[in-house]
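# Remarks on the overall topology
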Amino acid sequence: MKLYYVPGACSLTQHIILHEAGIEHELVKVDLKTRQTEKGENYLEINSKGYVPALRLDNGKVMTEGVVLSQYLADSKPEAGLLAAEGEARYDTLTWMSFISTELHKNMGALFNPAVKGEWKENVLATLNKRLAWLAASLGQKETLTGTFSIADAYLFTVLGWARIVGVSLDAWPDIQRYQAAIASRPSVQAAMKAEGLI
């Protein structure tokens with residue numbers, strides 16, 4: 001299995017999940033400016049969408065879209081306990097995945113675009129701050145989103161990690177900072193970040 005990634009990008013989510021689940025994998029770094037892999041491949045021939053993550057399965061099939069890849073990896077190693085097989089626990093985790101994707105990833109990710117400035121940027125930040133305030137209230141003193149480490153925690157950790165890069169302060173939300181530190185200390189997270197050159 002190959003994970004096509006950019007260091008610290010949303011593909012870090014699947015990288016953490018691969019380590020957490022103990023799934024053997026190969027990493028292939030992608031340069032999104034040149035659309036080339038570190039092996040000199042044209043990334044658009046691998047994933048015509050042009051962004052990461054992409055996952056090449058052992059049978060050669062390429063899958064894309066991070067939320068789906070996270071579910072696929074969790075379902076392929078159910079004993080890791082990263083996503084319940086059925087019932088309310090599964091849907092609780094998927095609810096978090098949807099919230100992170102649409103409310104945090106979308107807004108935090110927009111701030112990487114230099115065209116987002118002025119009133120547009122103020123509106124994005126206002127929405128993001130509302131979502132972060134809601135997140136902090138929902139987290140409280142919990143160390144994981146659902147009671148045990150899940151694919152949603154890997155995703156949230158990744159997206160929150162962008163805050164310092166795009167100039168969003170988390171100082172107003174100590175519970176988010178505490179949560180982020182707890183997730184960062186996990187061996188799977190440390191392993192993924194070290195492999196990507198982030199620590």
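Summary of the structure given here. (Residues numbered from 1 in each chain as written. Predicted model: local features only at pLDDT ≥ 70, side-chain atom pairs only at ≥ 80, totals over all residues. Heavy atoms only, no water.)

### Comments concerning helix α6 (residues 151–160)
Because each turn of an α-helix spans 3.6 residues, side chains separated by three or four positions in sequence point in the same direction. Counting buried positions along α6 yields 10 of 10 residues, so the element is predominantly enclosed. Those residues of α6 that fall on the buried side of the exposure criterion are I151, A152, D153, A154, Y155, L156, F157, T158, V159 and L160. (Buried < 20%, exposed > 50% of the residue type's maximum accessible area, 1.4 Å probe, protein only. Helix = DSSP H or I, 4+ residues; strand = E, 2+ residues; numbered from the N terminus.)

### As for the pairing of strand β2 (residues 26–31)
Strand residues, when the strand is regular, have side chains that alternate between the two faces of the sheet. Alignment of strand β1 (residues 2–5) against β2, held across 4 bridges, turns out to be parallel. Looking across to β2, one finds that K2 is bridged to E26. Once you follow β1 into helix α1 (residues 12–21) and on to β2, the crossover reads as right-handed. The pairing of β2 with strand β3 (residues 36–37) spans 2 bridges and is classified as antiparallel. Residue pairing for β3: V30 is matched across the bridge by T37. (Pairing = 2+ DSSP bridges. Right-handed = clockwise from strand over helix to strand, strands pointing away.)

### What about the sheet that holds strand β5 (residues 62–64)?
If you trace the 5 strands from one edge of the open sheet to the other, you get β3-β2-β1-β4-β5, paired in mixed fashion. Pairing within the sheet leaves two strands with one partner each, and these edge strands are β3 and β5. Relative to β5, helix α3 (residues 66–76) is tilted by about 120°, and along the sheet it contacts β4 (54–56) and β5. (Contact = heavy atoms within 4.5 Å. Axes fitted to C-alpha atoms, helices over the stretch in contact; angles between N-to-C directions.)

### Quick look at the nonpolar core
Ranked by internal contacts, the top residues of the largest apolar core, which has 54 residues, are I100, L104, L132, L135, L145 and I176. Among the elements that line this core, the one with the most residues is α6, at 8 residues. With near-sequence residues (within four places) excluded, L135 lies in contact with W96, L104, L145, L156, L160 and I176. One finds Y4, V28, Y43 and V52 within the second-largest nonpolar core, a separate group that totals 9 residues. (Core = buried A, V, L, I, M, F, W, Y, C linked by side-chain atoms within 4.5 Å.)

### Focus: helix α9 (residues 187–195)
Three or more residues of α9 are buried, namely S188, V189, A192 and M193. Taken around the axis of α9, the buried residues stretch over an arc of 125°, which confines them to a single face. Opposite the packed face of α9, turned more than 90 degrees from it, sit the exposed residues P187 and K194. Packed against the buried residues of α9 are α1, α6 and α8 (174–184). Among the residues trailing α9, G197 stands out with phi positive, at a value near 75°. (Arc of directions from axis to C-beta.)

### Here's the deal with unusual backbone geometry
Of note, the bond from V52 into P53 is cis; its omega dihedral lies within 30 degrees of zero at 5°. Counting through the fold element by element, P53 comes out in the loop between α2 (43–46) and β4. With a phi close to 60°, R35 is a non-glycine residue in the positive phi region. Tracing the sequence through the fold places R35 in the loop between β2 and β3. Under the relative-accessibility criterion, R35 is labelled partly exposed at 30%. The phi torsion at E65 lies on the positive side, around 80°, for a residue other than glycine. With respect to the element layout, E65 can be found in the loop between β5 and α3. On the basis of relative accessibility, which here comes to 31%, the residue E65 falls in the partly exposed class.

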